[in-house]
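Structure assessment
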Amino acid sequence: MKTMMTQPTPESIRQAAQIIRDGGVVGFPTETVYGLGGDALSGEAAKRIFEAKGRPGDNPLIVHIASLSEIDPLIEGEMPEMARKLAEAYWPGPLTMIMKKSSLIPDEVSAGLKTVGIRLPANETARALIREAGRPIAAPSANRSGRPSPTTAKHVLDDMDGRIPMILDGGASEVGLESTVLDVTGEIPRVLRPGGVTPEMIAAVAGKVEVDGTVMRPLREGERPISPGTKYRHYAPEGDLTIVQGEEKAVAESICGMYDGFEKDAAILALPGHEHLYGVRRVYTLGTDGSVESAAAGLFAALRLLDDEKMAHIFSEAVPADGLGLAVMNRLGRAAAFHIVNV
Ligand code: AMP
Ligand code: MG
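The structure contained in this document is the topic of the report that follows. (Residues numbered from 1 in each chain as written. Chains lettered and ligands numbered in written order. Predicted model: local features only at pLDDT ≥ 70, side-chain atom pairs only at ≥ 80, totals over all residues. Heavy atoms only, no water.)

Topic: helix α5 (residues 124-133)
- In terms of residue burial, α5 counts as a mostly covered element, since seven of its 10 residues are buried.
- Thr125, Ala126, Arg127, Ala128, Leu129, Ile130 and Ala133 are the residues of α5 that are buried.
- Where α5 is buried, its residues contact α1 (10-21), β2 (26-28), β4 (62-64), β7 (137-139) and β8 (166-168). (Buried < 20%, exposed > 50% of the residue type's maximum accessible area, 1.4 Å probe, protein only. Helix = DSSP H or I, 4+ residues; strand = E, 2+ residues; numbered from the N terminus. Contact = heavy atoms within 4.5 Å.)

Given below as structure tokens:
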């Protein structure tokens, strides 16, 4: 199969929507990361998505809608009041809410769960594609399983060339990390995966929020994940990654010491402005301006670059784990199999 990469135009969006209506899958931009989209009401389409990703079928897909009015047929009963308030505050945006699914959602999409994750993305191309397809779109991140999520169309092409017919190139993803996954089936909303809508933002609307314990640690032996995706070592670079956390100078000293133990293929992931702390050592910068937003937007591209350049030993600075920083540290932590050194 030849993979066509094209700018989103009314014509190319129509073409992509036709592929989805015919049961195929396409790569498309969203504000979080690029998605691999198929008909969310078709089990066959879901199978094709899993096949293209090389993802195990027990990891549920997020269902994307273009307007709030499309949600009712997809869920069982009424949308919880708290979910409605959160939707009013943060949709369209990087928030996925887990609710009880209706029978319209095939088991392949929910991976056998009785719940479904639903998101209304902000990206205009994504919403135009959903509207044009005339149905909700099930989409995981458009990377091959085990690779960092794609934040540009080129990343999608690198992973999916020859496996999907079409990629809509909408430029770099603004947030750069996958959506916040929030369980709203209980009384207190529970963050299963942190993202662009932070626990602080959720608490501001819902009054309360819980953050699942697995966000900043690996699963314990025999522990059953609430969110099936958390059991996989996602976002993993080829090299081994160590995160060092603490005061700026102490961090740099510790990183330099570990780095100098390797003769080659060692690299440092540092916030911009910190390069001078590492002298002549090989430094990759995390983001462009030192803000946590920019670190989030640049993280996956940096991990891909480290892979491409075959760096075997990577030492990364940490960012403070509050606000959006929690999402950055969750992805970085998982890429490092939570190998975090405190100095
Ligand atoms: P991705 O599609 O790559 O962004 O990953 C989707 C994430 O959402 C995975 O970590 C899933 O485990 C999680 N997820 C999706 N649907 C559900 C659900 N119904 N219950 C719990 N977690 C879910
Ligand atoms: Mg993913």
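On we go.
A short note on the pairing of strand β12 (residues 240-245)
- Sheet analysis places β12 next to strand β15 (residues 313-317), joined by five bridges and oriented parallel. If you follow threonine 242 over to β15, its bridge partner there is phenylalanine 315. (Pairing = 2+ DSSP bridges.)

Regarding the environment of tryptophan 91
- Among the secondary structure elements, tryptophan 91 is positioned in the loop between α3 (81-90) and β5 (95-100).
- Each C-alpha atom of the pair tryptophan 91 and leucine 36 lies 21 Å from the other, and the pair is 55 residues apart in sequence.
- Every residue in contact with tryptophan 91, bar those within four places of it in the chain, is listed here: Ile65, Leu68, Ile71, Met79, Leu86, Met97, Ile118, Arg119 and Leu120.
- At a separation of 2.8 Å, a polar atom in the side chain of tryptophan 91 contacts the main-chain carbonyl oxygen of leucine 95. (Polar contact = N/O pair within 3.5 Å; in protein donor to acceptor, adjacent residues only side chain to side chain.)

Some remarks on the packing of helix α9 (residues 292-308) against helix α10 (residues 324-335)
- Running from amino to carboxyl end, α9 crosses α10 at an angle of 20 degrees, the nearest separation of the two axes being 9 Å. It follows from the interaxial angle that α9 and α10 lie roughly parallel. Crossing angle aside, the handedness with which α9 passes α10 is left-handed. When α9 is examined against α10, the residues Val292, Glu293, Ala296, Leu299, Phe300 and Leu303 are found in contact with a partner set consisting of Leu324, Gly325, Val328, Arg331, Leu332 and Ala335. (Axes fitted to C-alpha atoms, helices over the stretch in contact; angles between N-to-C directions. Parallel < 35°, antiparallel > 145°, perpendicular 65-115°, else oblique. Left-handed = near helix turned anticlockwise from the far one by under 90°.)

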